[in-house]
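Residues per chain are reported as follows:
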Amino acid sequence: MMQIWQVDFYRSPVQDTSGQILWELLICDATRSFEYTATCPQSAANSDWVGTQIQLAASHKLPDIIEVFRPQSLSLIQAAASKLNIHVQPTRQTLALKQWLQDKQYPLALDKPAPTPLPENLWGEQWRFATLPAGELIDVFAERPIPILSIPESLQPINLGLASTVSVPGVIIYGGRQSLRLAKWLEAAHPVALNYIPGEPNGLILEAGLVERWVVATFEDADVAAVGKNYQQRQQQSRGLHFLLVQPDDSGMTSTGFWLLQTEK
């Protein structure tokens, strides 16, 4: 069975008795049935120390994958893991680790850059808000020959405990000739969530990667804004679950990319 760890290595808010800054390594699995923690002075906070601690935590069996959510600790952990032939996966979905940090009352907020406009050469022809019943979401898309398909098991409606009749909100982008190029760009960006943000103008903001943010669309139309507000409200009923679909056109005959997403808690 594949062993996956969630790992964080960052400055601890707790100092030692002499007031020296400490760095703390936290390691757990998805259920927190396994937890490991170690601290070192800032002068020793390097990839060699992290690698040694990973080996100590592992005892005899190293993990197959290490998941990291914090950009500031990613390169150090990657450097340590590469020497041990462990794959590191940047992801925001380190729920057990984040809960552990909250339990310890450690600050969790990450600095996020201002949203960047989506590259113009990728933008499609049209887009719209949509909904699909939770019971149909997987069946409709899992059976289609879609080039880029992202349906994480943890986000499948049945695993979130959603009734099949719950309406799951989403956004459909009609990409025209740019459809495949847009879908490939999105795949590389690792979409996390697509949120409606009211303002002047209103916007659709894509959360991607660890802290990246992209402006997918802006609009001032009051009717579209009303639908956008409804889209965001529906996410409260769907436990944050929503989808992004890229199609060449509105014929419904072909789809280029599909992602199940979840707004961060």
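Below is a short write-up of the structure. Computed from a predicted structure; not experimentally measured. Think of each chain on its own: its residues are numbered from 1, step by step along the sequence as written. The predicted nature of this model means local features are confined to residues of pLDDT at least 70 and side-chain atom pairs, given and counted, to a pLDDT of 80 or more, with totals for whole chains, interfaces and linings taken over all residues. With hydrogens and water stripped out, all remaining heavy atoms of the structure feed into the side-chain values.

1. Remarks on the sheet that holds strand β2 (residues 22-28)
Point 1. Should DSSP find at least two bridges between two strands, the strands are regarded as paired. Each helix corresponds to a stretch of at least 4 residues labelled H or I by DSSP, and each strand to a stretch of at least 2 residues labelled E; elements are numbered beginning at the N terminus. The mixed open sheet is built from five strands, whose spatial order is β3-β2-β1-β4-β5. Pairing within the sheet leaves two strands with one partner each, and these edge strands are β3 (35-41) and β5 (87-90). Going across the sheet, the axis of each strand differs from the next one's by a mean of 25 degrees, ignoring polarity.
Point 2. Packing of helix α1 (residues 47-58) onto the sheet brings it into contact with β1 (4-11), β2, β3 and β4 (65-68), and relative to β3 it is tilted by some 150 degrees.
Point 3. Helix-sheet contacts for helix α3 (residues 95-103) involve β1, β2 and β3, and the interaxial angle to β2 is about 135 degrees. Convention adopted: a line fitted to C-alpha atoms gives each axis, helices being fitted over their contacting stretch, and angles between N-to-C directions are expressed from 0 to 180 degrees. Any two residues whose heavy atoms approach within 4.5 Å at even a single point are treated as in contact.

2. Section: the environment of glutamine 126
Point 1. Relative to the assigned elements, glutamine 126 resides in strand β7 (residues 126-133).
Point 2. Separated by 113 residues in the primary sequence, glutamine 126 and arginine 239 place their C-alpha atoms 27 Å from one another.
Point 3. For glutamine 126, the contacting residues outside a window of four places in its chain are Ile172, Ile173 and Tyr174.

3. Focus on the side chain of glutamine 6
Point 1. Structurally, glutamine 6 can be placed in strand β1.
Point 2. Three exposure classes are used, based on accessible area relative to the maximum for each residue type with a 1.4 Å probe and protein chains only: buried under 20%, partly exposed in between, and exposed over 50%. Given a relative accessible area of 4%, glutamine 6 falls into the buried group.
Point 3. Polar contacts involving the side chain of glutamine 6 include one to the main-chain amide nitrogen of alanine 96, which spans 3.3 Å.
Point 4. Within the local environment of glutamine 6, its side chain forms a polar contact with the backbone nitrogen of leucine 97, the two atoms lying 2.9 Å apart.
Point 5. Excluding residues within four positions of it along the chain, glutamine 6 makes contact with Leu26, Ile27, Cys28, Ala30, Glu67, Gln93, Thr94, Leu95, Ala96 and Leu97. Polar contacts here mean pairs of N or O atoms no more than 3.5 Å apart (in protein, one a potential hydrogen donor and the other a potential acceptor; neighbouring residues in sequence count only if both atoms are side-chain atoms).

4. Digging into the sheet that holds strand β8 (residues 148-150)
Point 1. Strands sit in the order β7-β9-β13-β14-β8 across an open sheet of five strands; the sheet is mixed. The two strands at the open ends of the sheet, each matched to only one other strand, are β7 and β8. Taking the axes of each pair of neighbouring strands and ignoring which way they run, one obtains an average angle of 20 degrees across the sheet.
Point 2. As paired elements, β7 and strand β9 (residues 167-174) share eight bridges and run antiparallel to each other. In the strand pairing of β9, phenylalanine 129 is matched with valine 171.

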